[in-house]
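Now for the letters of each chain:
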Amino acid sequence: MEQILELQNIHYSYHSLYGEIKALENISFQVKKGEFIGIVGPSGCGKSTLLSIIAGLIEPEAGEILTPAGSRDTLRIGYMLQHDHLFEWRSVYKNVILGLELNHLLTEDKLSHVDQLLKDYGLWDFKDKKPSELSGGMKQRAALIRTLALDPDLLLLDEPFSALDYQTRLMVSDDISRLIRASGKTMMIVTHDISEAISICDRVIVLTKRPAHIKCDIPVQLTLSDDTLLSARKAPEFQSYFNRIWEDMIYEE
Ligand code: ADP
Ligand code: MG
């Protein structure tokens, strides 16, 4: 598979009046086109910081981010933040085209892509509603469509399902990951849910507590009876991946 991104020895610290907080230490990995990568690690370890660096919102204090063409500008990145809110004073439709509007990309092509996404994600009939009239799962889908509207090559999702109750999360994460998979996009998803990471992702990167460095980088291969996440959770290998990642997260080296 073609490589689309490489992080080399990334370091990052926050500086405040109270001193320096080291967040990331020597993070290196490669991302291949079409790959789904899960990022797990203790709360506050640096997961969101890592996504912000990849998105280019903050610059690493040391290290390189490489793409095959050399510059990160050639890779279109869609970033759905941990608390990515919809604006209540705009309709669902006006919310999902916001990114296009801000980037002066309200072309016929892009708008018909948005219409298709609204249909695929079951939101077409709700496009004129206010965000507060949607269920939690639907809001999440709307926020995701806003990100996908810009047609990113790499999708960065920061705990996208964490506000949903358990059963909704299972359903929403199942259909969303299938839709993204079908679109051929590459995805990195931060989650605190180990089961979610194993069932959605091809690879799980486990970070240590702060300053985060990579504890392990585990390829996931499950024997599936069909393409649902429930079947992933029932796969014979599932429990041993879970135990391995759980132990990696709780035992410091
Ligand atoms: P995670 O997403 O893994 O929970 P973050 O990447 O958000 O962790 O944060 C990593 C560490 O950096 C935390 O200890 C947090 O308190 C600190 N931090 C995050 N953002 C800032 C900031 N803007 N200024 C100072 N410290 C920050
Ligand atoms: Mg976070």
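As a starting point, this report considers the structure included with it. Everything numeric here is computed off the predicted structure, so don't read it as measured data. Counting from 1, residues in each chain are numbered in the order their sequence is written. A letter from A marks each chain and a number from 1 marks each ligand, given out in the order of writing. Where totals are concerned, whole chains, interfaces and linings use all residues; where local detail is concerned, this predicted model gives features only for residues with pLDDT of at least 70, and gives and counts side-chain atom pairs only at 80 or more. Derived side-chain values reflect all non-hydrogen atoms in the structure, with water molecules and hydrogen atoms excluded from consideration.

1. Thoughts on the coordination of the magnesium ion (ligand 2)
The coordination sphere of the magnesium ion (ligand 2), as far as protein atoms go, consists of Ser48 (OG) and Gln82 (OE1), spread over 2.1 to 2.5 Å. Of the two residues, Ser48 sits in helix α1 (residues 47-55) while Gln82 sits in the loop between β5 (77-80) and α2 (92-96), which places them 34 residues apart along the sequence. To sort residues, take the accessible area from a 1.4 Å probe on protein chains only and compare it with the maximum for the residue type: under 20% means buried, over 50% means exposed, and anything in between is partly exposed. For Gln82, a relative accessible area of 32% translates into the label partly exposed. Atoms are scored as donors when they are N, O or S and lie within 2.8 Å of the metal, with 3.2 Å used for Na, K and Ca; no water is included, so coordination may look incomplete. Going along the chain from the N terminus, every DSSP run of H or I of four or more residues is numbered as a helix, and every run of E of two or more is numbered as a strand.

2. Section: the environment of Met188
Here Met188 lies in strand β7 (residues 186-190). A C-alpha to C-alpha distance of 11 Å links Met188 and Asp153, two positions 35 residues apart in sequence.

3. Some points on empty space enclosed by the protein
Note on definitions: the grid is 1 Å and covers protein atoms alone; a cavity is a set of points where a 1.4 Å probe fits but cannot get out; a pocket is an open set with protein on both sides within 12 Å along at least five of seven lines; lining residues have an atom within 4 Å of a point. Grid points are joined across faces, edges and corners, and a volume is the space filled by probe spheres set on the points. Taken as a whole, this structure holds one cavity of 30 Å³ or more when the rule is applied. The computed volume of the largest cavity comes to approximately 40 Å³. Every residue along the wall of the largest cavity is listed here: Glu159, Pro160, Phe161, Ser162, Arg169, Thr191, His192, Asp193 and Glu196. Here the lining of the largest cavity is built from residues that sort into two nonpolar, three polar and four charged. Each residue gets one of three labels, nonpolar for Ala, Val, Leu, Ile, Met, Phe, Trp, Tyr, Cys and Pro, charged for Asp, Glu, Lys and Arg, and polar for the others, Gly among them.

4. Topic: the packing of aromatic side chains
Aromatic pairs are defined between Phe, Tyr and Trp rings, using the six-membered ring for Trp, whenever the two ring centres lie within 6.5 Å; interplanar angles under 30 degrees are classed as stacked, those over 60 as edge-to-face, and all others as tilted. This model, assessed by the stated rule, comprises three aromatic pairs. Consider the rings of Phe87 and Trp89, whose centres lie 5.6 Å apart with planes at 40°: the pair is tilted. Phe87 sits in the partly exposed class, given a relative accessible area of 35%. Overall, the relative accessible area of 64% leaves Trp89 in the exposed class. Taking 6.4 Å as the distance between ring centres and 15° as the angle between the ring planes, the aromatic pair formed by Phe242 and Trp246 counts as stacked. Residue Phe242 and its partner Trp246 are located together in helix α9 (residues 238-250), separated by four residues, close to a single helical turn. Classification of Phe242 as partly exposed rests on a relative accessible area of 21%.

5. Overview of the side chain of Ser195
Summarising the element assignment, Ser195 is placed in helix α7 (residues 194-200). On the accessibility criterion, Ser195 (13% relative accessible area) is buried.

6. What to know about the pattern of salt bridges
Any Lys or Arg side-chain nitrogen found within 4 Å of a carboxyl oxygen on Asp or Glu counts as a salt bridge. Per the stated rule, a full pass over the model turns up twelve salt bridges. Its salt-bridge partner being Arg76, residue Asp151 comes within 3.6 Å of it at the nearest N-O pair. One end of the pair, Asp151, is in the loop between α5 (136-148) and β6 (154-158); the other, Arg76, is in the loop between β4 (62-66) and β5, with 75 residues separating them in the sequence. The partner of Glu196 in a salt bridge is Arg169, with the nearest N and O atoms 3.5 Å apart. With a gap of 27 residues between them, Glu196 in helix α7 and Arg169 in helix α6 (residues 166-182) connect regions that are remote in the sequence. When sorted by exposure, Glu196 lands in the same class as Arg169, which is buried. Taken together, the shared-partner salt bridges connect Arg76, Asp151, Asp153 and Lys185 into one network.

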